[in-house]
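Structural description and commentary
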Amino acid sequence: MKRVLIVDDSISVARQLEKIITGSGAFQVVGHAKNGAEAIRMSQTENPEIICMDMNMPVMDGLTALRTLVAMNRGYKVVMVTSLGGVGDKYQEALKLGAREVISKPFDEESVLRVLQAL
């Protein structure tokens, strides 16, 4: 099973994503971080293969954390998560910075699993 770290400041969104991910049986959620700074710390202790990270969070946003994570370890497979209204330019920026894909809220279970299984 691939190890996944979920990064989102919304507990309800994190739980919804965890339910989709663990329900597939192919992934194990190794933790939840509430912001990019926590994600960086947890990535070093939990050794996730995939990081699902919200773009907009307090303390440190997802794009800032993405830059740091990719600089630390180019092997991290980061999937950015955003609201449908927040895609635009940030989508392209996330991919340029090293994100493997961007998924939108509200989640479509099949789409989320298809993206994660392709990594």
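What you see is a predicted model, and the numbers here were worked out from it, not measured in a lab.

For the protein, the helix and strand inventory stands at five helices and five strands. Element order for the protein, N to C, with α for helix and β for strand: β-α-β-α-β-α-β-α-β-α. The C-alpha atoms of the protein give 13 Å as radius of gyration, which agrees with the globular expectation for 119 residues (14 Å, within 12%). Structurally, the protein occupies a C-alpha span of about 35 × 30 × 25 Å along its principal axes. Out of the 119 residues belonging to the protein, those deemed buried represent 45%.

On to unusual backbone geometry, then. Here the residue pair K105 and P106 is connected by a cis peptide bond, since its omega of -5 degrees sits within 30 degrees of zero. Positionally, P106 belongs in the loop between β5 (101-105) and α5 (109-117). One non-glycine residue, N47, lies in positive phi territory at about 50 degrees. Relative to the helices and strands, N47 is located in the loop between α2 (36-46) and β3 (50-54). The residue V59 is not glycine, and still its phi comes out positive at about 70 degrees. Summarising the element assignment, V59 is placed in the loop between β3 and α3 (62-72). We classify V59 as exposed; its relative accessible area is 73%.

A word on the sheet that holds β3. In spatial order, the strands read β2-β1-β3-β4-β5; together these five strands make up an open sheet with parallel pairing. Across the chains shown, the open sheet's two edge strands, defined by having one partner strand only, are β2 (27-33) and β5. When the angles between neighbouring strand axes are averaged without regard to direction, this sheet yields 25 degrees. For strand β1 (residues 2-7) and β3, the ladder comprises four bridges, and the chain directions are parallel. For I6, the partnering residue across the bridge sits in β3 and is C52. Against the sheet, α2 contacts β1, β2 and β3, and its axis sits at roughly 135 degrees relative to β2.

Another aspect to go through is α3. Taken as a whole, α3 has its buried residues at G62, L63, A65, L66, L69 and V70. Looking straight down α3, one finds that the buried residues subtend no more than 155 degrees of arc, so they occupy a single side. Among the residues of α3, the N-terminal cap falls to D61, whose side-chain oxygen and the backbone nitrogen of L63 are separated by 3.1 Å.

Calculation criteria
- All residue numbers refer to positions counted from 1 along the written sequence of the respective chain.
- Totals for whole chains, interfaces and linings use every residue, but because this is a predicted model, local features are given only for residues with pLDDT of at least 70 and side-chain atom pairs only at 80 or more, for both listing and counting.
- The basis for every side-chain value is the complete set of heavy atoms in the structure, and neither hydrogens nor water enter the calculation.
- Helix and strand assignments come from DSSP, with helices taken as H or I runs of at least 4 residues and strands as E runs of at least 2, each series counted from the N terminus.
- Atoms counted for the radius of gyration: C-alpha only. Globule rule: 2.2 Å times residue count to the power 0.38.
- When a residue's accessible area, from a 1.4 Å probe over protein chains only, is under 20% of the maximum for its type it is buried; when over 50% it is exposed; and in between it is partly exposed.
- DSSP-based pairing: two strands are paired if at least 2 bridges between them are found.
- Geometry is summarised by axes, namely lines fitted to C-alpha atoms with helices restricted to the contacting stretch, and by angles between N-to-C directions that run from 0 to 180 degrees.
- Any two residues having at least one pair of non-hydrogen atoms within 4.5 Å are treated as being in contact.
- By construction, the arc corresponds to the directions joining the helix axis to the C-beta atoms.
- Polar contacts, as used here, are pairs of N or O atoms within 3.5 Å; protein pairs need one atom able to donate a hydrogen and one able to accept it. Residues neighboring in sequence count only if both atoms are side-chain atoms.

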